[in-house]
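A structural walkthrough
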Amino acid sequence: MALPLLLLLPQLALGGRLRFVAPDAQVSAAALVENQAHEAVADSNDPQNFRFMTTESEYPGHEGGIDEFLKKQVRQRAVGSIKDEIVEGHFCAKRGQREQTYYASSLCYWVPELVPETDATDERSNGTVKQEQQLVGMPSGSISWQRPGTAPQNLCQGWKGSAGKCLKCSVCHNNARTKDGSIEGSSFAEEVPLPPCLKEKDIERQCLESYEASSTTLRIEKDRCEELRARRSKAEDAVNNCQHKLQSSSSRLEHESLGELQRAEDSVASSQERLEAEKQHERSSEVHMEAECHDYNVASGRVAHIDFIKNAEWLRCQQHQWTACVDGDVACQQKIRTEMDLYAKCTRCFVAAGMRDDARKRIRDAEDLLRAGENKVESARKEVQATRDEVQRWQLQLPALQDALRAQEAEWLSQEEGCQQAMLDYDNGKHEHVKLCAPTLYDQSCEKACLSQLDAGCGVIEGSVQGEQLGNAGGVQIGCSPPQQSWILAPEDQSSQCERITAVQKPVSAQAVLFAGWLWQQTWGPSASWKRRYFVLESGDAVRSARLRSFKEDPTESGNAQEQLDDAITLWDAVGIAKVAGKYLKREDSSCFLFYHFYRTFRFCAPDNAELAGGFFSSSAALRDHWVALLKSTFKFKGVVKGSPFEGVSRCCCTSSDPASCALLSGVELYKSKSPFNSGGVCPSDQGYRYFKKQGIDRLPPACLLPKFM
């Protein structure tokens, strides 16, 4: 966090110690301290600083529910999915993990559309671009976390951006607010919108147009030579193409078409042989069937025609269930033998008929195969003829094409030397012209527009800044690490490029340590006691709440001081704050204050006068008043979750009849009246305050006329 020089505010010097700026001797009134604190915080919370991010500055809301109820029982703030320490429009509100609420961005870099091709001697090759960029990664060093004594940890990882855009790497991080002090972050490529401007291709096009307009004679000669060379190349291509086609078609004729025809003819011959064999087999099966069925016809007394025997309804070979004959019954036994013989002859006829039908099916299959082979032979013969015609066509074209090539070569060779020089002169001239022309358009370029976007959030840091951190946790470090060399101003090394970038863009810390020092805090619970803690008031900004952080040790003195993470207080949605005398909290020599939040009332006391002896503040009350003034200035959404019953109500309260003892109290500083007839707020009598008229003061004291910053 940056540490601006604020009047009456302690600052972290580079050595890590607190120092103070002495106030004007005439300035002592607590009300003026409040006004100065308000102005200082207002400067650091200027909404214009974050208009690049959002114009929404509404309170993000706070989750309730059972977790809220349980947390209140132990006087802790419920932490839900809503990041209620930043506004809803904050970049990190819906990005990164719950703890990653701090924003940091790299400097803004222009990623050029084009990359100049370089050689050992110069910058651009022929003034034209040989490579177009697609996606570019952000080099390490653009944003890193630097912990004392360790290597920087790159926060911008896995980042890819498109060429031809103004980009920055934006990171949501946790500010190393973990028990082990580890840094965690999520990085994103964020495009910066630009006004109308010229990209590299636009600049190149303009430069080439101006060069051609100023080199008409040379351009005409160059175009003529290129046309002459193109005709020669075209003639050469025609010859090469003809030779290639001739070779290809000849090879196809020899190795493919003729071979395919031979294979087709061989297949037809094989099919014919198979067909003859199947026909012979069919004739044999026919003779066999006639013989087998003849016996059945004779035995049955029926005529089974050989063409229909298998399908005839009457041909049914049935095996009867014969019963045993009585011994000696010759007629019965003869009948059984006759039926069994008939059944056997019928079965043999039926089987023979099936063999004949199978033979006929194989004949049909062989005939189909033969017809398919004959069709394939016909197609192969047509393909052979077409290929022979193609070979002949290329053979006829080749001599004429070779004659045309010889003519074009002769014409080119007679002018080659002069043409080569003309084209070289043109290219060299174009190279030099683009080299000189491109930088003249830099002021109109998108590259300059990108680097000049001072209100686009380039190099913005929320959280600790390296070198100004508390303790040994480290801080954000933003370096100059452009993803690509400038095309317009090439050749330019990275050092020169960074000098040009950082002359315009500089890292800016959005937060500050407004105040820091020792306070006594009363713990909560049945064994409540007073603990001495070192508190750091971290400022908010236009999109973030201020936060009160606590340490057991002074982090500006000890590099091992550990923050009490669970005790940090988000301030902007507090209920209010009230000054109280030390005796009210049984700390007679201290000046104290009550800090009212929607989930707990915190009790703080400044060190007593003896502890402050020789210090900057002359009394415990002066230090207490300073803390109260600063804390009040952070209540951006005061009472939004839980309001004070007397918000907006003020009373002039005095501790004696002396007008100098009076103060204008309001909000939580007032008490509810014990009288059933008075529903308004009254002066806190237990702190010695009474309404000014009850103290015998007739006119409103001056202290109650001062403007009061709430």
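Everything below is about the structure shown above.
Residues numbered from 1 in each chain as written. Predicted model: local features only at pLDDT ≥ 70, side-chain atom pairs only at ≥ 80, totals over all residues. Heavy atoms only, no water.

Quick word on the overall build of the protein
Across its full length, the protein carries eight helices and 27 strands. Taking all 710 residues of the protein together, the buried fraction comes to 44%. Within the protein, residue pairs in contact and separated by at least 24 positions form 68% of the contacts whose partners lie at least 6 positions apart. Total accessible area on the protein stands at roughly 36700 Å², and carbon and sulfur atoms take up 49% of it. (Helix = DSSP H or I, 4+ residues; strand = E, 2+ residues; numbered from the N terminus. Buried < 20%, exposed > 50% of the residue type's maximum accessible area, 1.4 Å probe, protein only. Contact = heavy atoms within 4.5 Å. Areas by Shrake-Rupley, 256 points an atom, 1.4 Å probe, with all protein chains shown as cover.)

Topic: the state of the cysteines
Per the stated rule, a full pass over the model turns up 13 disulfides. In this model Cys592 forms its disulfide with Cys605; the gap between the sulfur atoms is 1.9 Å. With the S-S dihedral at roughly 100°, the linkage between Cys592 and Cys605 falls on the right-handed side. Taken together, the residues Cys592 in strand S21 (residues 591-596) and Cys605 in strand S22 (residues 601-605) connect sequence positions 13 residues apart. Of the two residues examined, Cys592 and Cys605, each falls in the buried class. Each sulfur of the disulfide joining Cys654 and Cys662 lies 1.8 Å from the other. In this structure the cystine formed by Cys654 and Cys662 twists about its S-S bond by roughly 105°; its chirality is therefore right-handed. Of the residues examined, Cys654 reaches a relative accessible area of 0% and is grouped as buried. A relative accessible area of 7% means that Cys662 is categorised as buried. (Disulfide = S-S within 2.5 Å.)

Structural notes on the nonpolar core
Leu537, Phe595, Phe604 and Trp627 are the most contacted members of the largest nonpolar core, which has 29 residues in total. Breaking this core down by element, the ones donating at least two residues are strand S16 (513-522), strand S17 (530-538), strand S20 (576-581), S21, S22 and helix H8 (620-632). Residue contributions to this core peak at five residues, all from H8. Formed by 28 residues, the second largest nonpolar core is a distinct cluster that contains Leu155, Val171, Ala438 and Ile488. (Core = buried A, V, L, I, M, F, W, Y, C linked by side-chain atoms within 4.5 Å.)

Structural notes on the sheet that holds strand S24 (residues 662-666)
Pairing in this open sheet of three strands is antiparallel, and the strands run S24-S23-S27 from one edge to the other. Both outer strands of the open sheet, S24 and strand S27 (690-691), are each paired with one neighbouring strand and no more. Bridge analysis of strand S23 (residues 650-654) against S24 gives five bridges, and the strand direction is antiparallel. Within S24, the residue paired with Cys653 across the bridge is Ala663. (Pairing = 2+ DSSP bridges.)

Comments concerning the pattern of salt bridges
Within the structure shown, the criterion is met by 39 salt bridges. With a closest N to O distance of 3.7 Å, Glu191 and Lys165 form a salt bridge. Of this pair, Glu191 sits in strand S12 (residues 185-191) while Lys165 sits in strand S11 (residues 165-173); the two residues are 26 residues apart in sequence, bridging distant segments of the chain. For Glu191, a relative accessible area of 47% translates into the label partly exposed. Note that Glu538 and Arg549 form a salt bridge whose closest N and O atoms lie 2.8 Å from each other. Taken together, the residues Glu538 in strand S17 and Arg549 in strand S18 (residues 547-551) connect sequence positions eleven residues apart. Taken as a pair, Glu538 and Arg549 share a single burial class, namely buried. (Salt bridge = Lys/Arg side-chain N within 4 Å of Asp/Glu carboxyl O.)

A closer look at the sheet that holds strand S14 (residues 475-478)
Read from one edge to the other, the open sheet built from three strands follows the order S9-S8-S14, with strand pairing classed as antiparallel. Each end of this open sheet is capped by a strand with a single partner; those strands are strand S9 (153-154) and S14. Across two bridges, strand S8 (residues 143-146) lies against S9 in antiparallel orientation. What sits directly across from Trp145, in S9, is Gln153.

Considering the side chain of Gln505
By secondary structure assignment, the location of Gln505 is in the loop between helix H7 (494-502) and strand S15 (508-509). Since its relative accessible area comes to 2%, Gln505 is described here as buried. Of note is the side chain of Gln505, whose polar atom sits 3.4 Å from the backbone oxygen of Leu451. The residues contacting Gln505, other than those within four sequence positions of it, are Leu107, Cys108, Cys450, Leu451 and Cys458. (Polar contact = N/O pair within 3.5 Å; in protein donor to acceptor, adjacent residues only side chain to side chain.)

Some details on the packing of helix H3 (residues 200-214) against helix H5 (residues 330-440)
Interhelical geometry of H3 versus H5 gives an angle of 130° and a closest axis separation of 9 Å. Judged by the inter-axis angle, H3 sits oblique to H5. Once H3 is placed against H5, the crossing between them reads as right-handed. Between H3 and H5, the residues in contact are Ile203, Cys207, Leu208, Ser210, Tyr211 and Glu212 and Asp425, Tyr426, Gly429, Lys430, His433, Val434, Cys437 and Ala438, respectively. The residue inventory of the contact of H3 with H5, partitioned by class, reads eight nonpolar, three polar and three charged. (Axes fitted to C-alpha atoms, helices over the stretch in contact; angles between N-to-C directions. Parallel < 35°, antiparallel > 145°, perpendicular 65-115°, else oblique. Left-handed = near helix turned anticlockwise from the far one by under 90°. Nonpolar A, V, L, I, M, F, W, Y, C, P; charged D, E, K, R; others polar.)

A closer look at the packing of H3 against helix H4 (residues 216-300)
Where H3 contacts H4, the axes come no closer than 5 Å and their chain directions differ by 95°. Here H4 runs roughly perpendicular to H3, going by the angle between their axes. In contact with Tyr211, Glu212, Ala213 and Ser214 of H3, H4 contributes Thr216, Leu218 and Arg219. By residue class, the composition of the contact of H3 with H4 is three nonpolar, two polar and two charged.

Structural measurements only, silent on function.
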